[in-house]
Amino acid sequence: MNLDHFGMDTITLAGPLEAKLDAMRAAGFTQVMLNANDLAGHPGGPPAATEIVRKSGLRVTGFQVLRDFEGLSGHLHAYKVDIAKAMLDMCHALGSRVLLCCSSTSSHATADPELLKKDLQKLAMLAVPYGIRIAYEALSWGRHVNEYTQAWDLVAEAEVGAVGLGLAIDSFHILATGSSTERLEEVVAGKIVLVQLADFMWREIRSREERIDTARHFRVFPGEGVHSAEVAKLVRTLDELGYRGDYSFEVFNDDYTQLPHAVVAERARRSVKWLTDQVSRRSLPLRGAAG
């Protein structure tokens, strides 16, 4: 089965970077989503970690995550611009073409859409010399932007001054807020930079605190949770819209970090098979998914 359009996130596995990459490759994956801590926390430092990724042969889906960037002013804004430049350097060194930026949760951030748009335009312009696209994602606990529809509105309005700015779709955040996927029809497929997939094990999330806790500790692979139909529908809709980019399993799960790498990677592989089967049964096969 062709897994080329799906990848795993290193956050799903415990242990050293080398072992994570080996397990993903052994399971048949050809790409990996990397986190800044994979580089900064490596015993040999970022250059050594970057070399390990290069030698693994895995393509880097994207690099994450820039937090709380937009909506700040004065010294805070200048500080975040400096952080963004450093992360772009790391992203470029890895050969990644995508930097993920999550909507701000800062109490110091403004809600003024014009200022938010201006900051995202600035970030995208900073990324242009590197050939990197910014994938802007709505966190479901974001202070002012917490729905993918709000993130899309900003991306669409900022497009004129931000060639490299696009949208990141995350199934967990859509499921956690109960967001309707109907407005996906308005999203331009070419402006979707990245799709992250995960499910979870209960139907309802009752508070912001429970949402954060679930997101950081209890996600599962698509097909393992109770929102299987919704995840399959999301992927099917994106495929109908013409999205031809990458899908990354962003699964934070405390249980998985206690299991052998091979066991978890095989669960991810089974998730790809389940997902592509679900979509193809409705006569809308994902590209390269037949097997």
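Here, the structure is the one placed above.
The structure presented is a predicted model; accordingly, all values stated were derived computationally and were not measured.

*Asks:* Give a description of the pairing of strand β5 (residues 133-137) that names residues and reports values.
*Replies:* With four of five residues buried, β5 is to be regarded as a mostly interior element. One ladder, built from five bridges, connects strand β4 (residues 98-102) with β5; its direction is parallel. Of the residues in β5, the one forming a bridge with Cys101 is Tyr136. As defined by bridge partners, β5 adjoins strand β6 (residues 165-170) across four bridges and the pair is classed as parallel. Looking across to β6, one finds that Ile134 is bridged to Leu165.

*Asks:* Explain the sheet that holds strand β1 (residues 6-9) residue by residue, including any values.
*Replies:* A barrel is described by the order of its strands in space; here eight strands give the closed sequence β1-β2-β3-β4-β5-β6-β7-β10, paired in parallel fashion. If you compare each strand with its neighbour and ignore which way they point, the axes differ by 30 degrees on average. Strands in contact with helix α9 (residues 228-241) are β6, β7 (192-197) and β10 (247-249); relative to β7, the strand with the most contacts, it is inclined by about 160 degrees.

*Asks:* An account of the pairing of strand β2 (residues 31-35) is needed here, citing residue identities and associated values.
*Replies:* Look at any regular strand and the pattern is simple: side chains alternate between the two faces of the sheet. For β2, a buried count of five out of five residues is recorded, marking the element as mostly surrounded by other parts of the structure. Burial along β2 is two-sided: the face carrying Gln31, Met33 and Asn35 and the face carrying Val32 and Leu34 are both buried. Direction of pairing for β1 relative to β2: parallel, over a ladder of two bridges. From the neighbouring strand, Asp9 faces β2, where its bridge partner is Met33. Regarding topology, helix α1 (residues 17-26) serves as the crossover connection from β1 to the parallel β2, and that connection is right-handed. For β2 and strand β3 (residues 59-66), the ladder comprises five bridges, and the chain directions are parallel. What sits directly across from Leu34, in β3, is Phe63.

*Asks:* How would you summarise empty space enclosed by the protein if you had to cite specific residues and measurements?
*Replies:* If you walk through the whole model with that rule in mind, you get three cavities of 30 Å³ or more. Approximately 70 Å³ is the volume attributed to the largest cavity. Taken as a whole, the second largest cavity holds about 40 Å³ of empty space. Taken together, Glu70, Ser103, Ser104, Ala109, Leu116, His144 and Val145 form the lining of the second largest cavity.

*Asks:* Go over the packing of aromatic side chains with me, naming the residues and quoting the values.
*Replies:* In this structure the tally under the stated criterion is seven aromatic pairs. With 5.6 Å between their ring centres and 75 degrees between their planes, Phe221 and Phe249 make a pair best called edge-to-face. Of this pair, Phe221 sits in the loop between β9 (219-220) and α9 while Phe249 is found in strand β10, placing the two residues 28 residues apart along the sequence. Of the residues examined, Phe221 reaches a relative accessible area of 0% and is grouped as buried. Overall, Phe249 belongs to the buried group, its relative accessible area being 0%. The side chain of Arg219 reaches across the aromatic face of Phe172, ending 4.5 Å from its centre.

*Asks:* Describe the pattern of salt bridges, and please don't skip the residues or the numbers.
*Replies:* Side chains bearing opposite charge may pair, as long as their charged atoms lie close to each other. In the structure shown here, the tally under the stated rule is 13 salt bridges. Arg25 is the partner of Asp22 in a salt bridge, and the nearest nitrogen-oxygen pair spans 2.8 Å. Separated by three residues within a single helix, Asp22 and Arg25 lie in helix α1, roughly one turn from each other. Residue classification places Asp22 among the partly exposed residues on the basis of a relative accessible area of 40%. Accessibility expressed as a relative area gives 38% for Arg25, which makes it partly exposed. Between Glu186 and Arg183 there is a salt bridge, with its nearest N and O atoms 2.9 Å apart. A residue is classified by how much of its surface remains accessible, and Arg183, at 28% relative accessible area, is partly exposed.

*Asks:* Can you tell me about the layout of surface pockets, naming the residues and giving the values?
*Replies:* Its volume calculated, the largest pocket comes out at about 330 Å³. Within the residue set of the lining of the largest pocket, elements represented by two or more residues are α2 (36-40), β3, β4 and α8 (208-217). Residues that form the lining of the largest pocket fall into these classes: nine nonpolar, four polar and five charged. By volume, the second largest pocket amounts to about 240 Å³. Around the second largest pocket, the lining is made up of 15 residues, and of these Thr61, Arg97, Val98, Val193 and Asp246 lie nearest the centre. Those elements giving two or more residues to the lining of the second largest pocket turn out to be β3 and β7.

The rules we used
Residues numbered from 1 in each chain as written. Predicted model: local features only at pLDDT ≥ 70, side-chain atom pairs only at ≥ 80, totals over all residues. Heavy atoms only, no water. Buried < 20%, exposed > 50% of the residue type's maximum accessible area, 1.4 Å probe, protein only. Helix = DSSP H or I, 4+ residues; strand = E, 2+ residues; numbered from the N terminus. Pairing = 2+ DSSP bridges. Axes fitted to C-alpha atoms, helices over the stretch in contact; angles between N-to-C directions. Contact = heavy atoms within 4.5 Å. Right-handed = clockwise from strand over helix to strand, strands pointing away. 1 Å grid on protein atoms, 1.4 Å probe; cavity = no way out; pocket = protein on both sides within 12 Å on 5 of 7 lines; lining within 4 Å. Points joined across faces, edges and corners; volume = space filled by probe spheres on them. Phe/Tyr/Trp six-rings, centres within 6.5 Å; stacked < 30°, edge-to-face > 60°. Lys NZ or Arg CZ within 6 Å of the ring centre and 35° of its normal. Salt bridge = Lys/Arg side-chain N within 4 Å of Asp/Glu carboxyl O. Nonpolar A, V, L, I, M, F, W, Y, C, P; charged D, E, K, R; others polar.

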